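Understanding the architecture of this molecule
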Amino acid sequence: MINQKIVTIERFLLDTQPELARGELTSLLYEMALAAKIIAAQTRRAGLIDILGFADNVNVQGEEQRKLDVYADEVIFRVNCHTGRLCAMVSEEQEDMISIPPEYPKGSYILVFDPLDGSSNIDTNISIGTIFGIYRTLDEKHPGRLEDCLQPGRNLVAAGYILFGPSTMLVYSAGLGVHGFTLDPGWGEFILTHENIRIPEQPTYFSFNHAAAKHFTQGMNEYIEWLRNHCDPVLTQRYVGSMVADFHRNLLHGGVFGYPAEPSKPDGKIRLLYEAAPLAFIAEQAGGYGSDGTQSLLNIKPAEIHQRVPVFIGNRFLVEKAEYFISNYQKQN
Ligand code: AHG
Ligand code: MN
Ligand code: MN
């Protein structure tokens, strides 16, 4: 028996966020829900059709692109390029800002996205995701310039992620809380399953790649030691290697995800514009916090679209503890 109301993402926006529902932003969220369904359909088939393995390409980050990265990148572009909502896009998989093709109208919004996050997990059938952020143009008369894309996360009007796990989920915030929807594959609809997500006050997890600990600063290793042995409540460790999956688990159960700087990666690995800032926006909307170890990730204005940044994100007190250990270490050195 069905004993709860069934609310689609469209219905939810109409009913609870009417000021957004009339606008173009709503359409943009619908487009991302559509892209999510198309990518999810392909991800589900990934083990069955010849899509696994590498596309014959290396992306701008010097990483080998997997075929699903390329597919997801194309889907998000093709779903959004013609709608008249956007004036520019930025993708992890494209070196330069993406302009709207001249045959289509331009809108006021900028879409930044990581088409497939955690792509090294694809060929082992482990959760992957998509991350996106939406900004408004800085100048309605000249929309779609590079400056429009280089805005700090504070200016985000909406952000979200799609998690391709055992179920496909879309989680977004447009500044009025964080809401999660689960795709019913039979109906082809995203149904409201997680209304107004708040990060629990009592965290459960910490998520770092400990293989890199030998490269971390002493301050960082002291922080990890604190997480391991001194944090109250006692935490346990989980690390998927798909930031979307690690972030989502920690959002629902409390915890901290970290990707610190290392000597060979002085700015860490995570990209500010389309990975760190959207997730920091969602974390703050859920009562958490995202930092580069010295300041809010949302305060950093990117100097270039693929800029990397150290990331600590999750429960505020856990992230502030990282800032404390980092600042102590810096004072001593
Ligand atoms: P992407 O697949 O978009 O390049 O991102 C991968 C990122 C992130 O999802 C994950 O947390 C991190 O890389 C894992 O890196 P390590 O394997 O170095 O831990
Ligand atoms: Mn990524
Ligand atoms: Mn990616």
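It should be noted that the structure appears before, not after, this text.
Attention in this report is confined to the structure presented alongside it.

Thresholds applied
Residues numbered from 1 in each chain as written. Chains lettered and ligands numbered in written order. Predicted model: local features only at pLDDT ≥ 70, side-chain atom pairs only at ≥ 80, totals over all residues. Heavy atoms only, no water. Axes fitted to C-alpha atoms, helices over the stretch in contact; angles between N-to-C directions. Helix = DSSP H or I, 4+ residues; strand = E, 2+ residues; numbered from the N terminus. Parallel < 35°, antiparallel > 145°, perpendicular 65-115°, else oblique. Contact = heavy atoms within 4.5 Å. Nonpolar A, V, L, I, M, F, W, Y, C, P; charged D, E, K, R; others polar. Left-handed = near helix turned anticlockwise from the far one by under 90°. Phe/Tyr/Trp six-rings, centres within 6.5 Å; stacked < 30°, edge-to-face > 60°. Buried < 20%, exposed > 50% of the residue type's maximum accessible area, 1.4 Å probe, protein only. Lys NZ or Arg CZ within 6 Å of the ring centre and 35° of its normal. Pairing = 2+ DSSP bridges. Donors = N, O, S within 2.8 Å, 3.2 Å for Na, K, Ca; no water.

**Comments concerning the packing of helix H7 (residues 243–253) against helix H8 (residues 272–285)**
Remark: H7 packs on H8, axes separated minimally by 12 Å, with the N-to-C direction vectors making an angle of 10 degrees. With respect to H8, the element H7 is oriented roughly parallel. Across the interface between the two elements, Met243, Phe247 and Leu251 from H7 touch Glu275, Leu279, Ile282 and Ala283 from H8. For the contact of H7 with H8, a count of residues per class yields six nonpolar, no polar and one charged.

**Things to note about the packing of helix H6 (residues 218–229) against helix H9 (residues 316–332)**
When two helices pack together, their arrangement is given by the angle between their axes and by how far apart the axes lie. Here H6 crosses H9 at 145 degrees, and the two axes come no closer than 8 Å. The hand of the H6/H9 crossing is right-handed. Counting all contacts with H6, which are made through Gln218, Gly219, Met220, Glu222, Tyr223, Trp226 and Leu227, the residues of H9 involved are Phe317, Leu318, Val319, Lys321, Ala322, Phe325, Ile326 and Tyr329. Per-class residue counts for the contact of H6 with H9 are eleven nonpolar, two polar and two charged.

**Comments concerning the packing of aromatic side chains**
Considering all chains together, one arrives at ten aromatic pairs under this definition. Look at Tyr172 and Phe181: their rings are 6.0 Å apart centre to centre, the planes differ by 20 degrees, and that puts the pair in the stacked class. By relative accessible area, Tyr172 is classed as buried at 0%. Taking the relative accessible area as the measure of exposure, Phe181 reaches 0% and is therefore buried. The interplanar angle of 80 degrees and the centroid separation of 6.4 Å between the aromatic rings of Tyr223 and Phe312 together place this pair among those described as edge-to-face. Residue Tyr223 is found in helix H6, and its partner Phe312 is found in strand S15 (residues 311–314); the two are separated by 89 residues along the sequence. We note that Tyr223, like Phe312, is buried. Through a chain of ring-to-ring contacts, three or more aromatic side chains come together here, namely Phe208, Tyr223, Trp226, Phe312, Tyr324 and Phe325. A cation over a ring is seen here: Arg249 above Tyr205, with NZ or CZ 5.2 Å from the ring centre. Above the ring of Tyr289, the side-chain terminus of Arg316 is found at 4.3 Å from the ring centroid.

**Looking at the sheet that holds strand S4 (residues 98–99)**
Strand-to-strand pairing in sheets goes through backbone hydrogen bonds, with the strands running parallel or antiparallel. Here we have eight strands laid out as an open sheet, ordered S4-S3-S5-S6-S7-S8-S9-S10, and mixed in their pairing. Each edge of the open sheet carries a strand with a single partner, namely S4 and strand S10 (189–194).

**Concerning the sheet that holds strand S13 (residues 255–259)**
In space, the five strands of this open sheet follow the order S12-S11-S13-S15-S14, with mixed pairing throughout. The open sheet has two free edges, formed respectively by strand S12 (236–237) and strand S14 (289–291), since each of these has just one partner strand. Taken together, the three bridges between S14 and S15 define a ladder with antiparallel strand orientation. In the strand pairing of S15, Gly290 is matched with Ile313. Contacting S14 and S15, H8 runs over the sheet at an angle of about 30 degrees to S15.

**Looking at the side chain of Asp69**
Structurally, the position occupied by Asp69 is in helix H4 (residues 67–80). Residue classification places Asp69 among the buried positions, given a relative accessible area of 2%. The contacts of Asp69, once residues within four sequence positions are left out, are Glu93, Pro115, Leu116, Ser119 and Ile122.

**Regarding the pairing of S13**
S13 sits mainly inside the fold: five of its five residues count as buried. Bridge analysis of S13 against S15 gives four bridges, and the strand direction is antiparallel. Counterpart to Gly258 in the pairing with S15 is Phe312.

**Observations concerning the coordination of the manganese ion (ligand 3)**
Listed as protein donors to the manganese ion (ligand 3) are Glu92 (OE), Asp114 (OD) and Leu116 (O); their distances from the metal cover 2.1 to 2.3 Å. Each donor residue of the manganese ion (ligand 3) lies on one chain, and together they are spaced E-x21-D-x1-L. Taken as a pair, the manganese ion (ligand 3) and the manganese ion (ligand 2) lie 3.7 Å from each other and share Asp114 as a ligand. Of this pair, Glu92 sits in the loop between strand S3 (86–91) and S4 while Asp114 is found in strand S5 (residues 109–117), placing the two residues 22 residues apart along the sequence.

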